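# Secondary and tertiary structure notes
One-letter residues, chain by chain:
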Amino acid sequence: MFKMFAILCIASVMDCRTLYENPPRVFDSRQACEQAAVVKAQQTLVLLEGSEYTHFEVGCELTDEAS
(Lines give C-alpha, C1' and ligand atoms only; values in the text may rest on other atoms or scores of the structure.)
Protein backbone atom coordinates (compact mmCIF):
# COMPACT_ATOMS: atom_id res chain seq x y z
CA MET A 1 0.00 0.00 0.00
CA PHE A 2 1.17 3.52 -0.78
CA LYS A 3 0.16 6.99 0.33
CA MET A 4 0.85 10.35 -1.24
CA PHE A 5 2.91 13.13 0.33
CA ALA A 6 3.94 16.64 -0.61
CA ILE A 7 7.01 18.57 0.49
CA LEU A 8 6.55 22.32 0.48
CA CYS A 9 9.16 24.93 1.36
CA ILE A 10 8.02 28.55 1.78
CA ALA A 11 10.62 31.25 1.17
CA SER A 12 9.36 33.66 3.79
CA VAL A 13 9.42 31.06 6.56
CA MET A 14 12.55 29.19 5.40
CA ASP A 15 10.81 26.05 6.53
CA CYS A 16 9.93 22.83 4.74
CA ARG A 17 6.93 20.73 5.67
CA THR A 18 5.87 17.24 4.67
CA LEU A 19 2.13 17.22 4.13
CA TYR A 20 -0.32 14.36 3.65
CA GLU A 21 -3.79 14.26 2.11
CA ASN A 22 -6.69 14.77 4.46
CA PRO A 23 -8.64 12.56 4.26
CA PRO A 24 -5.82 10.22 3.26
CA ARG A 25 -6.05 7.99 0.21
CA VAL A 26 -4.24 4.65 0.13
CA PHE A 27 -3.22 3.08 -3.19
CA ASP A 28 -2.66 -0.60 -3.97
CA SER A 29 0.40 0.09 -6.14
CA ARG A 30 3.14 2.68 -6.49
CA GLN A 31 2.07 3.22 -10.11
CA ALA A 32 -1.51 4.09 -9.13
CA CYS A 33 -0.24 6.45 -6.43
CA GLU A 34 2.22 8.15 -8.77
CA GLN A 35 -0.50 8.68 -11.40
CA ALA A 36 -2.69 10.35 -8.76
CA ALA A 37 0.33 12.35 -7.54
CA VAL A 38 0.76 13.94 -10.98
CA VAL A 39 -2.84 15.17 -10.87
CA LYS A 40 -2.47 16.35 -7.24
CA ALA A 41 0.73 18.25 -8.12
CA GLN A 42 -0.96 20.03 -11.03
CA GLN A 43 -3.95 21.01 -8.88
CA THR A 44 -1.73 22.19 -6.03
CA LEU A 45 0.50 24.28 -8.29
CA VAL A 46 -2.60 26.19 -9.43
CA LEU A 47 -3.41 26.94 -5.79
CA LEU A 48 0.19 27.98 -5.10
CA GLU A 49 0.30 30.41 -8.03
CA GLY A 50 1.56 33.74 -6.73
CA SER A 51 2.93 32.20 -3.52
CA GLU A 52 6.57 32.49 -2.56
CA TYR A 53 7.58 28.85 -2.30
CA THR A 54 11.10 27.64 -2.96
CA HIS A 55 10.46 23.91 -3.37
CA PHE A 56 7.43 21.76 -4.10
CA GLU A 57 7.49 18.00 -4.55
CA VAL A 58 4.79 15.33 -4.57
CA GLY A 59 5.54 11.63 -4.25
CA CYS A 60 4.48 8.30 -2.82
CA GLU A 61 5.70 6.24 0.09
CA LEU A 62 4.99 2.81 1.50
CA THR A 63 2.45 2.57 4.27
CA ASP A 64 1.03 -0.28 6.30
CA GLU A 65 -2.39 1.39 6.56
CA ALA A 66 -5.40 -0.50 5.26
CA SER A 67 -7.78 1.26 2.92
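Residues numbered from 1 in each chain as written. Predicted model: local features only at pLDDT ≥ 70, side-chain atom pairs only at ≥ 80, totals over all residues. Heavy atoms only, no water.

### Quick notes on the pattern of salt bridges
A complete count under the given rule lists five salt bridges for this structure. Each of Glu21, Arg25 and Lys40 takes part in a single network of salt bridges with overlapping partners. (Salt bridge = Lys/Arg side-chain N within 4 Å of Asp/Glu carboxyl O.)

### Some words on the environment of Glu52
Mapped onto the fold, Glu52 is located in the loop between helix 1 (30–48) and strand 4 (53–62). Residue Glu52 is classed as exposed on the basis of its relative accessible area of 59%. (Helix = DSSP H or I, 4+ residues; strand = E, 2+ residues; numbered from the N terminus. Buried < 20%, exposed > 50% of the residue type's maximum accessible area, 1.4 Å probe, protein only.)

### Points about the nonpolar core
Counting residues in each nonpolar core, the largest one holds seven residues, listed as Phe2, Met4, Phe27, Cys33, Ala36, Ala37 and Cys60. When residues of this core are traced back to their parent elements, those giving at least two are strand 1 (2–10) and helix 1. It is helix 1 that provides the largest number of residues to this core, a total of three residues. Cys60 has contacts with Lys3, Met4, Phe5, Arg30, Cys33, Glu34 and Ala37, leaving out every residue within four places of it along the chain. (Core = buried A, V, L, I, M, F, W, Y, C linked by side-chain atoms within 4.5 Å. Contact = heavy atoms within 4.5 Å.)

### Comments concerning the packing of aromatic side chains
Applying the stated criterion across every chain, the model contains one aromatic pair. Ring geometry for Tyr53 versus Phe56: centroids 6.5 Å apart, planes at 75 degrees, classification edge-to-face. Taking relative accessible area as the criterion, Tyr53 reaches 31% and is therefore assigned partly exposed. The ring of Tyr20 has Lys3 lying over it, and the distance from NZ or CZ to the ring centre is 4.6 Å. (Phe/Tyr/Trp six-rings, centres within 6.5 Å; stacked < 30°, edge-to-face > 60°. Lys NZ or Arg CZ within 6 Å of the ring centre and 35° of its normal.)

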